[in-house]
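Reading the structure
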Amino acid sequence: MTENPATEAYDAVDVIRTKRDKHELTDGQIDWLVDAYTRGVVAEEQMSALTMAILLNGMNRDEIARWTNAMIASGERLDFSILSRPTADKHSTGGVGDKITLPLAPLVAACGVAVPQLSGRGLGHTGGTLDKLESIPGWRAALSNEEMLAQLEDVGAVICAAGSGLAPADKKLYALRDVTGTVESIPMISASIMSKKIAEGTGALVLDVKVGSGAFMKTEADARELARTMVDLGTDAGVVTTALLTDMSTPLGRGIGNALEVTESVAVLAGGGPADVVELTIALAREMLAGAGVTDVDPADALADGRAMDAWRRMIAAQGGDPDAELPVATHTEEIRADRDGVIVRMDALGVGVAAWRLGAGRARKEDPVQAGAGVYLHKTLGEQVKAGEVIATLHTDTPERFTRAIDSLDTACDGAGAIAIGSVAPERSIVIDRISAG
Ligand code: URA
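Residues numbered from 1 in each chain as written. Predicted model: local features only at pLDDT ≥ 70, side-chain atom pairs only at ≥ 80, totals over all residues. Heavy atoms only, no water.

**Some points on the overall build of the protein chain**
In plain terms, the rule: The numbering of helices and of strands both runs from the N terminus, where a helix is a DSSP run of H or I of at least 4 residues and a strand a run of E of at least 2. Residue burial is assigned from relative accessible area. The probe radius is 1.4 Å, only protein chains are included, and a residue is buried under 20% of its type maximum, exposed over 50%, and partly exposed in between. By the convention used here, residues are in contact when the closest approach between their heavy atoms is within 4.5 Å.
The helix and strand tally for the protein chain stands at 16 helices and 13 strands. Structurally, the protein chain occupies a C-alpha span of about 75 × 50 × 40 Å along its principal axes. Across the 439 residues of the protein chain, 54% fall into the buried class. Put simply, 79% of the contacts in the protein chain that link residues at least 6 apart link residues at least 24 apart.

Written as structure tokens, this is what we have:
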């Protein structure tokens, strides 16, 4: 379908020229454009030109808010007000080994706040939450709105696929940005993430904005701007929103890959697990509980006494999964060993993430399958002592022809210096870099 100048309120070429010439888009232009694009009246090539103009020339706070609202208005809005407890959700901008949603959702539920986690599948080197959970035999991602509400009331936590009814304009636009080199625009990323979260209807939202080689945002300045923009959008929409800036220069935890990450999450729920995963899970849980108005419960207690594990088991079982089932294990492994004594001074998130992806843990195209057992297990990570000949990492895959390219990504990361480096002085690492709140 093409534009009909007799019936359409605006002309797409005029809107493109406005942004190309660095002017502010009017409310009417934005409302019309997002709606007309969703209806198929604005052509893909016109939207491509406009998104490139926005990437180059930006949008101000009013434009971003209007764009976000227009995307929300393109679909349905969920309503959790019938639930007997408050709601809080978390969104991570994505990282390597970022399995935090898995222990976090049941932990927060165990503390009395309902967690509606509408998630996606992974694309590229950062894994998707649904891919991880689908390594649990029987677990099902697709729930109707009624099933989701019933589970939220009963169990208090649900992690499921975001239905196509939420912000359909964003779905179409994100796919276009993905193939036109226009994803990396802070205004459009903010509008994209927040339109889905606001439409989802959560009362409180915590954003985990990652910074570092394995993250979308490579610099702290960009991560701060993204966090600030999203916090403002959420706050203006009446959602209690805060953000944590967190480190993604090194993978989170030791397991990177779908089943490996589920195993590690269960270890955290059992009161163990890697210290960085535990620290970030508790920090985000505190933020979510505070946002939902619950300040008299310490999530560390609910992890330690098994309440979070109980909520996990009920959450998995409610979606058809068997919490006691053996998880898939890859058929082939290869070990990476230390060539000298020392301490791990670099464990680069991007290099390890790409290795896990190449082993089969992630996908290159939306329709590709993932291997449940594939990935990287880090026996040694940043700051840990290692002896010559000791195993630093085990690579897992069902398709051993993938080992060469995976090892290549470990060897060539960090401009050829390698993803893993051994030195003499353990580096400092702060998981939570800063907190950004409304105001
Ligand atoms: N995630 C989203 O949902 N949208 C973006 O634009 C980028 C990351």
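**Description of the site of the ligand**
Using the following cut-off: Nearness is judged by heavy atoms alone; a residue qualifies as near a molecule or strand once a single heavy atom is within 4 Å of it. Polar contact is defined as a pair of N or O atoms within 3.5 Å, subject to the rule that within protein one atom must be able to donate a hydrogen and the other to accept it, and that residues adjacent in sequence are counted only when both atoms are side-chain atoms.
In the neighbourhood of the ligand, the contacting residues comprise Tyr-174, Arg-177, Ile-189, Ser-192, Ile-193, Lys-196 and Phe-216. Within the side chain of Arg-177, a nitrogen or oxygen atom sits 2.9 Å from an oxygen atom of the ligand. Lys-196 has a polar side-chain atom sitting 2.5 Å from an oxygen atom of the ligand. Within the residue set of the shell around the ligand, elements represented by two or more residues are α8 (168-179) and α9 (186-200). Sort the elements by how many residues they give to the shell around the ligand and α9 lands first, with four residues.

**What about the packing of helix α15 (residues 349-361) against helix α16 (residues 403-412)?**
So the rule is basically this: Fitted lines through C-alpha atoms serve as axes, helices being fitted only where they are in contact, and the angles separating the N-to-C directions of these axes extend from 0 to 180 degrees. Note on terminology: angles under 35 degrees are roughly parallel, angles over 145 are roughly antiparallel, angles of 65 to 115 are roughly perpendicular, and the others are oblique. Three categories are distinguished: nonpolar for Ala, Val, Leu, Ile, Met, Phe, Trp, Tyr, Cys and Pro, charged for Asp, Glu, Lys and Arg, and polar for the others, with Gly belonging to the last.
Contact pair α15 / α16: the axes reach a minimum separation of 8 Å and the direction vectors enclose 175 degrees. Relative to α16, α15 is oriented roughly antiparallel. The segment α15 lies against α16, with Gly-351, Val-352, Val-354, Ala-355, Arg-358 and Leu-359 engaging Phe-403, Arg-405, Ala-406, Asp-408, Ser-409 and Leu-410. Grouping the amino acids of the contact of α15 with α16 by side-chain chemistry returns seven nonpolar, two polar and three charged.

**Considerations on the sheet that holds strand β10 (residues 385-386)**
Short version of the rule: In this description, strands pair whenever DSSP reports at least two bridges between them.
The sheet built from three strands is open, its strands ordered β10-β8-β12 with antiparallel pairing. The open sheet has two edge strands with one neighbour each: β10 and β12 (420-423). Relative to β12, strand β8 (residues 342-347) is paired through four bridges, and the arrangement is antiparallel. Opposite Arg-346, over in β12, you have Ala-421 as the bridge partner.

**Focus on the domain arrangement of the protein chain**
Worth spelling out the cut-off: For the domains described, the bounds stem from an automatic or database domain assignment.
According to the domain assignment, the protein chain contains domain 1 (5-58), domain 2 (88-163 + 170-325) and domain 3 (332-423). Put simply, the middle of domain 1 and the middle of domain 3, counted by C-alpha atoms, are 44 Å apart.

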